[in-house]
Amino acid sequence: MAKKSKKDENPKVNPDLEGFKMKINSFGEISSSFPIDKINEFLNRNVDDKKLRDRDDIEDVKKSKKKKDEK
């Protein structure tokens with residue numbers, strides 16, 4: 001049987017991460033098309049961290065970020 005050909009379709013992603021690509025070179029180094037700061041900012045906004053749920057000071061930071069994003 002012949003192997004199925006791979007399609008070069010892009011996966012469905014959040015619009016904020018459109019164009020994001022990650023590659024691992026032969027030395028095991030990870031390279032990305034987005035700066036790590038932008039990725040971390042996206043994760044902080046969209047991913048709930050179980051370890052930080054009960055901290056009061058974290059919610060204050062999240063509220064101030066939301067106010068900045070609304071402006």
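Note that the coordinates shown come from a computational prediction; the quantities given were computed from them, not determined experimentally. (Residues numbered from 1 in each chain as written. Predicted model: local features only at pLDDT ≥ 70, side-chain atom pairs only at ≥ 80, totals over all residues. Heavy atoms only, no water.)

Asker: Is there a simple way to explain the pattern of salt bridges in this structure?
Answerer: In a structure, side chains of opposite charge can pair up when their charged atoms sit close to one another. Applying the stated criterion to the full structure yields two salt bridges. In this structure, Asp16 engages Arg45 in a salt bridge whose closest nitrogen and oxygen atoms are separated by 3.4 Å. Taken together, the residues span a long stretch of sequence, with Asp16 in the segment before β1 (22-24) and Arg45 in helix α1 (residues 36-46) at a distance of 29 residues. For Asp16, a relative accessible area of 41% corresponds to the partly exposed category. You can call Arg45 partly exposed: its relative accessible area is 38%. Between Glu41 and Arg45 there is a salt bridge, with the nearest N and O atoms lying 3.4 Å from each other. In this pair, Glu41 and Arg45 both sit in helix α1, four residues apart, roughly one turn of the helix. Among the ionic contacts, a cluster of salt bridges with common partners joins Asp16, Glu41 and Arg45. (Salt bridge = Lys/Arg side-chain N within 4 Å of Asp/Glu carboxyl O. Helix = DSSP H or I, 4+ residues; strand = E, 2+ residues; numbered from the N terminus. Buried < 20%, exposed > 50% of the residue type's maximum accessible area, 1.4 Å probe, protein only.)

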